[in-house]
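The chain contents come next:
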Amino acid sequence: SQQGEEDPQALSIQEGENATMNCSYKTSINNLQWYRQNSGRGLVHLILIRSNEREKHSGRLRVTLDTSKKSSSLLITASRAADTASYFCATDHNQAGTALIFGKGTTLSVSS
Amino acid sequence: SAVISQKPSRDICQRGTSLTIQCQVDSQVTMMFWYRQQPGQSLTLIATANQGSEATYESGFVIDKFPISRPNLTFSTLTVSNMSPEDSSIYLCSVVLGTYGYTFGSGTRLTVV
C-alpha cells in the first residue's frame, strides 16, 4: 500500500536552481523521512523529521512538515547534476518501530 | 543503526521456479520488513515478519506466493514462488532499531525469464 503522493512526479531543472518536492500522506505519523535513490542503486537516507517538528535543515536540504495538512516538502538548494535521482518520502503508522510506507516518488533531473 | 547482509544481490530465474532471498542482521530486531520495488516504481511493503509468529501480509500479497520465515531475531527469508515475468523486481528487507533507526538491505534484483 502507498501512504500518499509526491508531486511533481518528475522535475527537470538546471544546475544552480532550487528543486522543491512535495509529499502528502493519509494517516497520523510518528515521523516522516526522505530518501534518495540513484538509478539502479540502493536507498540513501537523507533526513528525518519528527511529527512535533515543523522544519529541519541538513546542508542544502530543507524539509518542512505540516501535520494539519498531512504534507511535507523537500527543498534542495543550488542543485547539482549529482542530485539527479528519485526522491521518496516515507512515513510510519504513528507507531514507533513499524514499517515505513513510501510515497510514489519524484524523479529529479538536473542538467548542467 | 543495524547492518544488513542480503543475498543474493541478483538472479535470473526461469518462470515457474522459486527463489529464496536471505537477510542477516548484525543486531537482534523484533520486526523485519520485506519490500518490493517494481521497475520505475516506489517501494511497496510486502509483509512484516516477527520472530516466532506468522508474517503479516499487506493487501495484495499472500503467503502462498511470498512465504516468509523468521527463525530467530537476526535472520529472515522471503521466497518468491512460482515466478512469472511480472515478479521481476528488486526485493529489499529492512529493520528498525529503536524508534528511528531504519536500515535497508542492498536489495535483490530478480529477473524472471
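Residues numbered from 1 in each chain as written. Chains lettered and ligands numbered in written order. Predicted model: local features only at pLDDT ≥ 70, side-chain atom pairs only at ≥ 80, totals over all residues. Heavy atoms only, no water.

As a further point, take the overall build of chain B. Secondary structure assignment for chain B yields zero helices and eleven strands. Here chain B has a C-alpha radius of gyration of 13 Å; the compact-globule value for 113 residues is 13 Å, and the two agree. Counting only C-alpha atoms, chain B reaches 40 × 25 × 20 Å along its principal axes. Relative to its full complement of 113 residues, chain B shows a buried share of 51%. Across chain B, the fraction of contacts at a sequence separation of at least 24, relative to all contacts at a separation of at least 6, is 53%. Of the roughly 5,200 Å² of accessible surface on chain B, 47% is carried by carbon and sulfur atoms. The averaged location of the 7 negative side-chain charges in chain B is 8 Å from the averaged location of its 7 positive side-chain charges. (Helix = DSSP H or I, 4+ residues; strand = E, 2+ residues; numbered from the N terminus. Rg over C-alpha atoms; globule rule 2.2 N^0.38 Å. Buried < 20%, exposed > 50% of the residue type's maximum accessible area, 1.4 Å probe, protein only. Contact = heavy atoms within 4.5 Å. Areas by Shrake-Rupley, 256 points an atom, 1.4 Å probe, with all protein chains shown as cover. Lys, Arg positive; Asp, Glu negative; His and termini not counted. Charge placed at Lys NZ, Arg CZ, Asp CG, Glu CD.)

The next point concerns unusual backbone geometry. In this structure, the amide linkage connecting Lys7(B) to the following residue, Pro8(B), adopts the cis form with an omega of 0 degrees. Topologically, Pro8(B) is positioned in the loop between strand 1 (4–7) and strand 2 (10–13). With a phi angle near 50 degrees, Lys70(A) is a residue other than glycine that sits in the positive phi range. Phi is positive for Asn82(B), close to 45 degrees, though the residue is something other than glycine. Inspection of the secondary structure assignment puts Asn82(B) in the loop between strand 8 (75–80) and strand 9 (89–97).

The next point concerns the state of the cysteines. Taken as a whole and judged by the stated rule, the model has two disulfides over all chains. Two residues, Cys23(A) and Cys89(A), share a disulfide whose sulfurs are 1.9 Å apart. Handedness here is read from the sign of the S-S torsion; for Cys23(A) and Cys89(A), about 70 degrees, the answer is right-handed. Residue Cys23(A) is found in strand 3 (residues 19–25), and its partner Cys89(A) is found in strand 9 (residues 85–91); the two are separated by 66 residues along the sequence. The exposure class of Cys89(A) is buried, given its relative accessible area of 3%. Disulfide partner of Cys23(B): Cys93(B), at an S-S distance of 1.8 Å. (Disulfide = S-S within 2.5 Å.)

Further remarks concern the interface of chain A and chain B. Each partner contributes to the interface: chain A provides 22 residues, whereas chain B provides 18 residues. Buried surface at the junction of chain A and chain B, both sides included, amounts to about 1,600 Å², of which 55% is carbon and sulfur. The interface formed by chain A and chain B contains four residue pairs in polar contact (both at pLDDT 80 or more). For the side of chain A that touches chain B, the secondary-structure elements that each account for two or more residues are strand 4 (31–37), strand 5 (43–50) and strand 10 (101–102) of chain A. Looking at the side of chain A that touches chain B residue by residue, the classes come out as nine nonpolar, ten polar and three charged. (Buried area = accessible area lost by both parts, 1.4 Å probe. Polar contact = N/O pair within 3.5 Å; in protein donor to acceptor, adjacent residues only side chain to side chain. Nonpolar A, V, L, I, M, F, W, Y, C, P; charged D, E, K, R; others polar.)

Residue and element names in this part refer to chain B. Inspection of the secondary structure puts phenylalanine 61 in the loop between strand 6 (56–57) and strand 7 (68–72). On the basis of relative accessibility, which here comes to 8%, the residue phenylalanine 61 falls in the buried class. In this structure, the C-alpha to C-alpha distance between phenylalanine 61 and leucine 45, residues 16 residues apart in sequence, is 9.1 Å. If near-sequence neighbours (up to four positions away) are discounted, phenylalanine 61 is found in contact with Arg36, Thr44, Leu45, Ile46 and Phe66.

Time to look at the pattern of salt bridges. Any two side chains of opposite charge can pair, given that their charged atoms come close. Residue and element names in this part refer to chain A. On inspection of all chains with the given rule, the structure shows four salt bridges over all chains. We note a salt bridge from lysine 56 to glutamate 53, for which the minimum N-O separation is 3.9 Å. Residue classification places glutamate 53 among the partly exposed positions, given a relative accessible area of 22%. For the salt bridge of arginine 62 with glutamate 55, the shortest nitrogen-to-oxygen distance reads 3.2 Å. Accessibility expressed as a relative area gives 30% for arginine 62, which makes it partly exposed. (Salt bridge = Lys/Arg side-chain N within 4 Å of Asp/Glu carboxyl O.)

To continue, consider the pairing of strand 3 (residues 19–25) of chain B. Residues and elements named next belong to chain B. Side-chain alternation along strand 3 places Leu19, Ile21, Cys23 and Val25 on a buried face and Thr20, Gln22 and Gln24 on a face that remains uncovered. Of the pairings in the sheet, the one linking strand 1 to strand 3 comprises four bridges and is antiparallel in character. Residue pairing in the sheet places serine 5 in a bridge with glutamine 24 of strand 3. In the sheet, strand 3 pairs with strand 8 via six bridges, with the strands oriented antiparallel. Residue pairing across strands places leucine 19 opposite valine 80, the latter belonging to strand 8. (Pairing = 2+ DSSP bridges.)

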